[in-house]
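What the coordinates show
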Amino acid sequence: MERSGQHPLPAVPPGQPQGDHLQLLLRRSREAKNCAYCPYSRFPVGAALLTAGGEIFSGCNVENACYSLGMCAERGAIQKAISEGHTNFKAMAIASDMGDHFITPCGACRQVMREFGTDWDVYLTKGDGTYIVKRLEELLPTSFGPEDLKKV
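Reading the values: rules and limits
Residues numbered from 1 in each chain as written. Predicted model: local features only at pLDDT ≥ 70, side-chain atom pairs only at ≥ 80, totals over all residues. Heavy atoms only, no water. Helix = DSSP H or I, 4+ residues; strand = E, 2+ residues; numbered from the N terminus. Buried < 20%, exposed > 50% of the residue type's maximum accessible area, 1.4 Å probe, protein only. Areas by Shrake-Rupley, 256 points an atom, 1.4 Å probe, with all protein chains shown as cover. Pairing = 2+ DSSP bridges.

**A word on the overall build of the chain**
Counting its secondary structure elements, the chain contains 4 helices and 6 strands. Ordering the α and β elements of the chain from the N terminus gives β-α-β-β-α-β-α-β-β-α. Residue burial in the chain is summarised as follows: out of 152 residues, 43% are buried. If you sum the accessible surface of the chain, you get close to 8,000 Å²; carbon and sulfur atoms cover 54% of it.

So, in structure tokens, the structure goes:
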């Protein structure tokens, strides 16, 4: 059953995705990429976010004629998960059509991802489906987060 872009079945067990569950997360990011609305850049991106409870939320980039109002796939997936009550994440897979290079999240997306911790994996893919894994803390080292507001 699909609800609000949420795909609760089959669920991914808690912890880091492996085997078929990792392939499911990667596939969901590719499926989301196919839904991208990108008439200006023609650069589709999809993301699939794994919650601590094993649910997967997807997002795609959505462009706007007023360029600054566009939304990245990664932030779209996070906002969708937040709107369904999830704030603890384990992993995210990101897909694009980049041929020889791995897709990486923009700086704004890295900071939004950081809001929910640094201890999760980000699967960066190429157009052919190959991937590398980075910890969020590797993508945004010496970052600023909610706990820093308590240091004042």
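**Things to note about the environment of A93**
Within the secondary structure, A93 is located in strand 4 (residues 89-96). In this structure the C-alpha to C-alpha distance between A93 and S58, which are 35 residues apart in sequence, comes to 9.4 Å.

**Notes on the pairing of strand 3 (residues 56-60)**
Walk down a regular strand and you will see the side chains alternate between the two sheet faces. For strand 3, the tally of buried residues reaches 5 of 5 residues, placing the bulk of the element in the interior. Burial along strand 3 is two-sided: the residues I56, S58 and C60 and F57 and G59 are all buried. With 5 bridges joining them, strand 2 (residues 45-51) and strand 3 adopt antiparallel strand pairing. Following the sheet pairing, G46 is matched in strand 3 by C60. In this antiparallel pair of consecutive strands, strand 2 and strand 3, the connection spans 4 residues, and G54 shows a positive phi of 95 degrees.

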